[in-house]
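Commentary on secondary and tertiary structure
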Amino acid sequence: MSLNIQIVDNFFSKKEYDILVNNLNKIAYTPATNSQGLYGMNHDIKETEENKWMFDKIKNKFSPGFPEMKELEMVYASFQMRDNKNNISPHKDEGIDGHYTCKYNCLIYLKGEELTYNGTGFYHDTNLNTYIGFVNNRAMFFNGRDVYHTCLQGLGDSSARYTLGVFYGKKS
């Protein structure tokens, strides 16, 4: 399947962005692991009255380009910290906790050095061929179930990066 991606710079207003970034160091993170081991730290998020604006903004911004999104629900969200200088981990986001089938991802770069290798890479067949560099307050919405993608930090100069990841799908 082909990559289907939409990118929006300056996604959050300055006020919204400052609220999120100023709280990144005030929340507790837990180790995030997969079959390859530790790959970062996460702080899981549930939708509440206080943060509903954030999820509504994502859905309103990206629904026109992804009409199927209206039928999907948010299945998982987390603030993520990555500082993986050792390797890359190509993957598809196929499911969360065995209960949902993920279809789309929204990844928002929040805080880090604005470097290409702090960003995300996408594969065509087996070739890593599309790099989206890290820019603070850049949002990407893409078909993460269908296309292999990876954090690029293991390929070159990078720093710790903070992101917001939101996954949309259907109950399986």
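Everything in this summary refers to the structure shown in the same document. (Residues numbered from 1 in each chain as written. Predicted model: local features only at pLDDT ≥ 70, side-chain atom pairs only at ≥ 80, totals over all residues. Heavy atoms only, no water.)

A look at the layout of surface pockets
To find the voids left in a structure, one rolls a probe of water-molecule size over its atoms. Rules: Buried and open spaces are told apart on a 1 Å grid over the protein atoms alone, a cavity being a set of points where a 1.4 Å probe fits but cannot get out and a pocket being an open set with protein on both sides within 12 Å along at least five of seven lines. Residues with an atom within 4 Å of a point are the lining residues. Grid points are joined across faces, edges and corners, and a volume is the space filled by probe spheres set on the points. By the criteria applied, helices consist of DSSP H or I runs no shorter than four residues and strands consist of E runs no shorter than two, each listed in order from the N terminus. Side-chain classes are defined by residue name, with Ala, Val, Leu, Ile, Met, Phe, Trp, Tyr, Cys and Pro counting as nonpolar, Asp, Glu, Lys and Arg as charged, and the others, Gly among them, as polar.
What the largest pocket holds in volume is close to 650 Å³. Contributing to the lining of the largest pocket are 30 residues, with Tyr39, Arg82, His91, Asp93 and Phe167 lying nearest its centre. Every element with two or more residues in the lining of the largest pocket is listed here: β3 (37-44), β4 (73-82), β5 (95-96), β6 (100-111), β10 (149-151) and β11 (161-171). Split by residue class, the lining of the largest pocket holds 11 nonpolar, 14 polar and 5 charged.

A short note on the environment of Asp146
The test is simple: Type-normalised accessible area, obtained with a 1.4 Å probe on protein chains alone, sets the label of each residue: buried when under 20%, exposed when over 50%, and partly exposed for intermediate values. In this analysis, two residues are considered to be in contact whenever any of their non-hydrogen atoms come within 4.5 Å of each other. Definition of a polar contact: a pair of N or O atoms within 3.5 Å, with one able to donate and the other able to accept a hydrogen when the atoms are protein atoms, and with sequence-neighbouring residues admitted only if both atoms are side-chain atoms.
Mapped onto the fold, Asp146 is located in the loop between β9 (138-142) and β10. Asp146 sits in the buried class, given a relative accessible area of 13%. Taking the C-alpha atoms as reference, Asp146 lies 8.7 Å from Tyr104; in sequence the two are 42 residues apart. Discounting chain neighbours no more than four positions away, the residues touching Asp146 are Met1, Lys92 and Lys103. Only 3.4 Å separates the side chain of Asp146 from the side chain of Arg145, close enough to count as a polar contact.

Concerning the environment of Gly65
You can see Gly65 is positioned in the loop between α2 (52-62) and β4. Relative accessible area serves as the criterion here: at 43%, Gly65 is assigned to the partly exposed category. Residues Gly65 and Gly156, 91 residues apart in the sequence, show an inter-C-alpha distance of 32 Å.

Thoughts on the packing of aromatic side chains
Keep this limit in mind: The pairing test for Phe, Tyr and Trp rings, Trp by its six-membered ring, is centres within 6.5 Å, and the orientation test on the planes gives stacked under 30 degrees, edge-to-face over 60, and tilted for anything in between. We call a charge positioned above a ring when the Lys NZ or Arg CZ atom is no farther than 6 Å from the ring centre and deviates by at most 35 degrees from the ring normal.
For the coordinates displayed, the defined rule picks out 13 aromatic pairs. Taken together, Phe11, Phe12, Trp53, Phe62, Phe66, Tyr104, Phe141 and Tyr168 form an aromatic cluster joined through their ring pairs. Residue placement shows Lys57 over the ring face of Phe11; its charged tip is 5.9 Å from the ring centre.

So, the pairing of strand β8 (residues 127-132)
The two faces of a sheet get side chains in turn, since along a regular strand they alternate between them. Note the threshold: Here, a strand pair is defined by DSSP locating no fewer than two bridges between the strands.
Sheet analysis places strand β7 (residues 120-124) next to β8, joined by 5 bridges and oriented antiparallel. When the sheet's bridge partners are listed, His124 is paired in β8 with Asn127. From the end of β7 to the start of β8, which pair antiparallel, there are 2 residues, and Asp125 there has a positive phi angle of about 55°.

Observations concerning the sheet that holds β7
Where we set the bar: Axis geometry follows a simple rule: fit a line to the C-alpha atoms, using only the stretch in contact for helices, then measure angles between N-to-C directions, giving values from 0 to 180 degrees.
With respect to topology, 3 strands assemble into an open sheet ordered β8-β7-β10, the strand pairing being antiparallel. This sheet does not close on itself; its edge strands, each paired only once, are β8 and β10. Neighbour-to-neighbour, the strand axes of this sheet turn through a mean angle of 30°, independent of strand direction. Alignment of β7 against β10, held across 3 bridges, turns out to be antiparallel. Of the residues in β10, the one forming a bridge with Thr120 is Cys151.

Re the nonpolar core
Threshold: Among buried residues, those of type Ala, Val, Leu, Ile, Met, Phe, Trp, Tyr and Cys that are joined through side-chain atoms within 4.5 Å constitute a nonpolar core.
Counting residues in each nonpolar core, the largest one holds 28 residues, and the members touching the most others are Phe12, Ile58, Phe62, Ile108, Leu110 and Leu164. For this core, the elements supplying multiple residues, two or more each, are α1 (14-23), α2, β4, β6, β9 and β11.

Description of the pattern of salt bridges
This is how it is decided: One side-chain nitrogen of Lys or Arg within 4 Å of one carboxyl oxygen of Asp or Glu is enough to make a salt bridge.
Inspection of the entire model under this criterion finds 6 salt bridges. Close ionic contact of Arg138 with Asp9 constitutes a salt bridge, the shortest N to O distance being 2.6 Å. Of this pair, Arg138 sits in strand β9 while Asp9 sits in the loop between β1 (5-8) and α1, and the two are 129 residues apart along the sequence. Overall, Asp9 belongs to the partly exposed group, its relative accessible area being 38%. For the salt bridge of Arg145 with Asp146, the shortest nitrogen-to-oxygen distance reads 3.4 Å. Each member of the salt-bridge network shares a partner with another, and the members are Lys103, Arg145 and Asp146.

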